[in-house]
Structure formats: C-alpha cells, structure tokens
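Tertiary structure, described
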Amino acid sequence: MLQQMDVNSSISSVNETINATANATGRAAATPEGILTAYISLIVMAVFPIIVGSLRSLEYHRIACEKAKESGEVADRLTTRDAAMFPLIASGALLGLYIFFMVFSKEYVNLLLGLYFFALGVMAVASLIRPFVKPFVPSVVKPEITYRLQLTENYHLETAKPATSGSGGDQDNKQSEEKTQEGPVEMVRYDCDRVDLVCLLISLAIGVWYMLKKHWIANNLFGLSFAIKGIEMLSLNSVTNGCILLGGLFLYDIFWVFGTDVMVTVAKTFDAPIKCQSFYGCVLIQK
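Note that the coordinates shown come from a computational prediction; the quantities given were computed from them, not determined experimentally.

Topic: the overall build of the protein
Assigned secondary structure in the protein consists of nine helices and two strands. Scanning the protein from its N terminus toward the C terminus, one meets helices and strands in the order α-α-α-α-β-β-α-α-α-α-α. Put simply, the protein has 287 residues, and 25% of those count as buried. Of the contacts made within the protein by residues no fewer than 6 positions apart, 80% connect residues no fewer than 24 positions apart. If you sum the accessible surface of the protein, you get close to 20,300 Å²; carbon and sulfur atoms cover 64% of it.

As structure tokens, then:
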C-alpha cells in the first residue's frame, strides 16, 4: 500500500513538473502517452536504419567486389588510418559549419546547404524506393531501356625516349624524341534505366514537398535515407577498425556536446533534412 502511494506521488510530481515547464514555455502540456509515443518513435528511427542499412550493405559490397575483380582494382575498405581520421575530419567539418554560421547569415548558409542536401536526398530516396517501385512499373514504359551520363576529360601525356649519340660519338649531338598520347579519362559515369527515372520523379516530388512545407514526414524520409545509405556504403574489414571508429566518434560526441557549445549551436541553427522528428514532437511545436 505504501509502495503504491509512493508511485502515485512520483507520477503526480512528474506531471506537475511537466505541466509547469509547458506553462513556462507556452507549449501544450505533455502527457505520458505522448512521451511514450515519442520515445518509441525515436527508438524505431534509431534501430531501423541500422538493420536495413546492414542488410543492404551485403548486396552493395558483393557487387562492388565483383566490379573490382573485373577491373583489377582493389575494393574500397575502411582502413585503420581512415577509422582514426574519421572523427578528426568530422570535427573539422563541424567546426567549419560553426564558423560559417558565426560569420555569415544563417539564412544564406541554410539555403546553400539545403540545396546540397536536397540533391543528395533525392538521389538517396530514389535508390531506396527502387525495389518497391520496380514491380509496379508497366511494361509499356519499357523499363529495360538504359541511359548513361558520362563525364570525361581529355589528357595529353608526353614521354621522352632515351637520347642516342651521333655517329661521331659527340655527346653534344644527343637528341630526344617526344611522343604525345591523347585519351579520355573517365571522371563521372552514372548508368540508369527507366525505373530509376520513375523513382527519381517520385523522390523529386518528395523533395519539393519538403522544401515547400517542411513537413516532418518528408524530413524523416530524407533523414532515414541518409542514414541507411551511409551504413550501406560503409565497409569495415575488421572488428578492430569498427571499434576504433566507434570509440573515436564517442569521444567526438562527448567533446563537442559537453565540452563546447559548437554541436548544440550548429544543431539548432542547421536547417536541413538530416534530423529525424517524431510526430508527437511536431504536434507540440505546432501548438
């Protein structure tokens, strides 16, 4: 009986604190059901990209290894040096954003970053929805027709042949022949078919929806797509490298969140679809 009274007293105290905070901030009071919904949605949005991205990475890296074998190149892997440098590079990028927001107007910075992440988000969403869109594309569209976007650069390579001495043995008469070779260097190549074009149109519609309305669903679609594609493309060749990467990022978060105001300032100022939002949180903000 006493334990039940203590529990009821604790719940009442928590509700009073929540209501007092809501009254002070001018927002609607939170309810236990709403808080539970928010926590569940956050957990799902944190675990879902890890599972889906890990499963997709198996197929992604299998195809990458096959292409590497055909071309004779070495498949990309996250080395020990890359894992150790990753938190330092991330710190430099974070500090750079902080300086940009301090020096320039945040409206212009967010506009530039918004366009950048808009293009990346459209490509990421198009790649993710392709397996679900492909079965519904009618044969009239002829999905087997492919397209290629290729960007090449021509180069001039000059090679000198060893000099030969003249018939009289005079070293001053040495001459060298130069041979010029020309050829294209492939900089960018993107292959797609008509299914990809359909997916691109759908993702463009989602991107325009986000840019116009800033809706939390469109925001989360972009944010989850970034997370899934990032995990999918990350290749760890050893557990040691994974531990180095996670340990470095753990220290990175501790330093920039608790040691300085850089992370908090950038997170509050940065307006791009990289932060997942819960339905309950959006409702409170709108109220």
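Quick look at the packing of aromatic side chains
A full pass over the atoms with the stated rule returns eight aromatic pairs. Relative to Phe104, the ring of Phe100 has its centre 5.5 Å away and its plane inclined at 25 degrees; by these criteria the two rings are stacked. With relative accessibility at 44%, the residue Phe100 sits in the partly exposed group. On the basis of an interplanar angle of 40 degrees and a centroid distance of 6.2 Å, the ring pair of Tyr210 and Phe222 is categorised as tilted. Highlighted residues: Tyr210 in helix 5 (residues 194–213) and Phe222 in helix 6 (residues 216–233), separated in sequence by twelve residues. Its relative accessible area of 4% is what places Tyr210 among the buried residues. Residue classification places Phe222 among the buried residues on the basis of a relative accessible area of 0%. Following the ring pairs from residue to residue traces out a cluster consisting of Phe101, Tyr116, Phe117, Tyr210, Phe222, Phe226 and Phe270.

Some details on unusual backbone geometry
The phi dihedral of Lys214 is positive, around 55 degrees, even though this residue is not glycine. Considering the arrangement of structural elements, one finds Lys214 in the loop between helix 5 and helix 6.

Looking at the confidence of the model for the protein
Across the protein, the average pLDDT comes to 77, with 76% of residues at or above 70. Counting interchain partners and residues more than four positions distant, the pLDDT-below-50 stretch residues 1–7 has zero contacts. Contacts of residues 283–287 to residues separated by more than four positions or lying in other chains number three contacts, the stretch itself having pLDDT below 50.

Some remarks on helix 4 (residues 106–133)
The end-to-end C-alpha separation of helix 4 is 37 Å, in line with the 40 Å expected for 28 residues at 1.5 Å each. Along helix 4, the largest kink reaches about 30 degrees and is centred on Ser127; proline Pro131 follows within four residues of it.

A closer look at the packing of helix 5 against helix 6
Viewed as axis vectors pointing N to C, helix 5 and helix 6 meet at an angle of 125 degrees, and their least axial separation amounts to 8 Å. Comparing the axis directions of helix 5 and helix 6 gives the class oblique. Here helix 5 and helix 6 pass one another in a crossing that is left-handed. The residues of helix 6 that touch helix 5, namely those facing Ile206, Gly207, Trp209 and Tyr210, are Ile217, Ala218, Asn219, Leu221 and Phe222. The class makeup of the residues in the contact of helix 5 with helix 6 is seven nonpolar, two polar and no charged.

A short note on the packing of helix 4 against helix 6
Contact geometry of helix 4 with helix 6 gives a least axis separation of 9 Å together with a crossing angle of 70 degrees. Classified by the interaxial angle, the pair formed by helix 4 and helix 6 is roughly perpendicular. Packed against helix 4, whose contacting residues are Phe117, Phe118, Leu120, Gly121, Val122, Ala124, Val125, Ser127 and Leu128, the element helix 6 presents Leu221, Phe222, Ser225, Phe226, Ile228 and Lys229 at the interface.

Re the side chain of Asp193
Here Asp193 is to be found in strand 2 (residues 178–193). Of the polar contacts made by the side chain of Asp193, one reaches the side chain of Arg130; its length is 3.0 Å. For Asp193, the residues in contact, after removing those within four places along its chain, are Arg130, Pro143, Ile145, Thr146 and Tyr147.

As for the pattern of salt bridges
What the rule picks out here adds up to six salt bridges. Residues Arg62 and Glu59 are paired through a salt bridge, measuring 2.4 Å at the closest nitrogen-oxygen approach. A residue pair is termed a helical-turn pair when its members lie 3 or 4 positions apart in one helix, as Arg62 and Glu59 do in helix 2 (residues 32–71) at three residues. Among the residues examined, Arg62 registers a relative accessible area of 39% and is labelled partly exposed. Look at Glu59 and you get partly exposed, because its relative accessible area is 39%. For the salt bridge of Asp196 with Arg130, the shortest nitrogen-to-oxygen distance reads 2.8 Å. On the criterion of sequence distance, the pair formed by Asp196 in helix 5 and Arg130 in helix 4 is long-range, its members being 66 residues apart. You can call Asp196 buried: its relative accessible area is 18%. A relative accessible area of 22% places Arg130 in the partly exposed class. Among the ionic contacts, a cluster of salt bridges with common partners joins Arg56, Lys229 and Glu232.

Scoring rules and cut-offs
- Residues numbered from 1 in each chain as written.
- Predicted model: local features only at pLDDT ≥ 70, side-chain atom pairs only at ≥ 80, totals over all residues.
- Heavy atoms only, no water.
- Helix = DSSP H or I, 4+ residues; strand = E, 2+ residues; numbered from the N terminus.
- Buried < 20%, exposed > 50% of the residue type's maximum accessible area, 1.4 Å probe, protein only.
- Contact = heavy atoms within 4.5 Å.
- Areas by Shrake-Rupley, 256 points an atom, 1.4 Å probe, with all protein chains shown as cover.
- Phe/Tyr/Trp six-rings, centres within 6.5 Å; stacked < 30°, edge-to-face > 60°.
- pLDDT = per-residue confidence, 0-100.
- Expected span 1.5 Å × (residues − 1).
- Bend = angle between axes of the 7 residues up to and from the residue.
- Axes fitted to C-alpha atoms, helices over the stretch in contact; angles between N-to-C directions.
- Parallel < 35°, antiparallel > 145°, perpendicular 65-115°, else oblique.
- Left-handed = near helix turned anticlockwise from the far one by under 90°.
- Nonpolar A, V, L, I, M, F, W, Y, C, P; charged D, E, K, R; others polar.
- Polar contact = N/O pair within 3.5 Å; in protein donor to acceptor, adjacent residues only side chain to side chain.
- Salt bridge = Lys/Arg side-chain N within 4 Å of Asp/Glu carboxyl O.

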